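Okay, here's what each chain looks like letter by letter:
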Amino acid sequence: MPNIIDNLCRVHQQIDNAANKTGRHPRDITLLAVSKGQSSTAIREAYRQGQRHFGENYLQEALDKQQQLADLTDIHWHFIGPIQSNKTRKVAESFDWVHSIDRMKIAERLSAYRPDNNAPLNICLQVNIDSEESKSGLHAHQVENLAQAIIKLPNLKLRGLMAIPESRQAISEQKKSFAGLAKLLANLQSSSPQLSTLDTLSMGMSGDIEAAIIEGSTLVRVGSAIFGPRQHPR
Ligand SMILES: *Cc1c(COP(=O)(O)O)cnc(C)c1O
């Protein structure tokens, strides 16, 4: 197993440095450890180092690991992959966050299936920020309509926006996409009082943590920089 302790330390350092550059507090940035393709042993190791938020892309894989980690009661599970409608019941029952909403039908089903004794499911709308053909997500002009519809659903809590930009090397290029998502969130917040409380920009992965934080990310989704290469790549 790669050295998860050292890796987590290094990622926290990166977050601190990027936050300091722009006068932000590292405490205002959540580290989501993306554990798809990683074992429950690896997750447990990160948990022992204080990591509490974990992200998964594939439902069955996530459910298996949740069962193996059922003793870790204060863990927060985030679903970050595409959701098919026949998976909505299990997702609504087993996660605290869903970052990948781009259709009303899926949102309605998640709200309907969210158990009454659970807190509302936290939701981010996924935006196809670089308008790539191969990627899922909303186009910028569709975001406000879906947001207005979703805030009416009783068992969901809309938190903000998520994006997976085109992968680029240059920090200046990475920043452009992230700035675009930040602008979209700002527009949404000022568009109506009910949307003014949105507080989440889910952006930044292993290769672009710094650019994302400089542009205002409140939650970075980091996999390989913490856990090393994925063991069960799909
Ligand atoms: C896999 C994945 C990540 C993590 O990617 P790394 O490059 O390993 O950090 C983040 N977000 C989403 C949506 C993913 O699917």
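Bear in mind that the values here come from a model prediction, so they are computed numbers and not experimental data.

### Overview of the environment of His139
- Note on placement: His139 falls in the loop between strand S5 (121–127) and helix H6 (143–150).
- Since its relative accessible area comes to 34%, His139 is described here as partly exposed.
- Separated by 36 residues in sequence, His139 and Lys175 place their C-alpha atoms 19 Å apart.
- Aside from chain neighbours lying at most four places away, what touches His139 is Asn128 and Ser131.

### A short note on the pairing of S5
- Counting buried positions along S5 yields seven of seven residues, so the element is predominantly enclosed.
- Going residue by residue along S5, you find Leu121, Ile123, Leu125 and Val127 tucked away on one face and Asn122, Cys124 and Gln126 tucked away on the opposite face as well.
- Alignment of strand S4 (residues 97–101) against S5, held across three bridges, turns out to be parallel. Its bridge partner being in S5, Val98 is matched across the sheet by Ile123.

Here is what the cut-offs are and how they apply
Residues numbered from 1 in each chain as written. Predicted model: local features only at pLDDT ≥ 70, side-chain atom pairs only at ≥ 80, totals over all residues. Heavy atoms only, no water. Helix = DSSP H or I, 4+ residues; strand = E, 2+ residues; numbered from the N terminus. Buried < 20%, exposed > 50% of the residue type's maximum accessible area, 1.4 Å probe, protein only. Contact = heavy atoms within 4.5 Å. Pairing = 2+ DSSP bridges.

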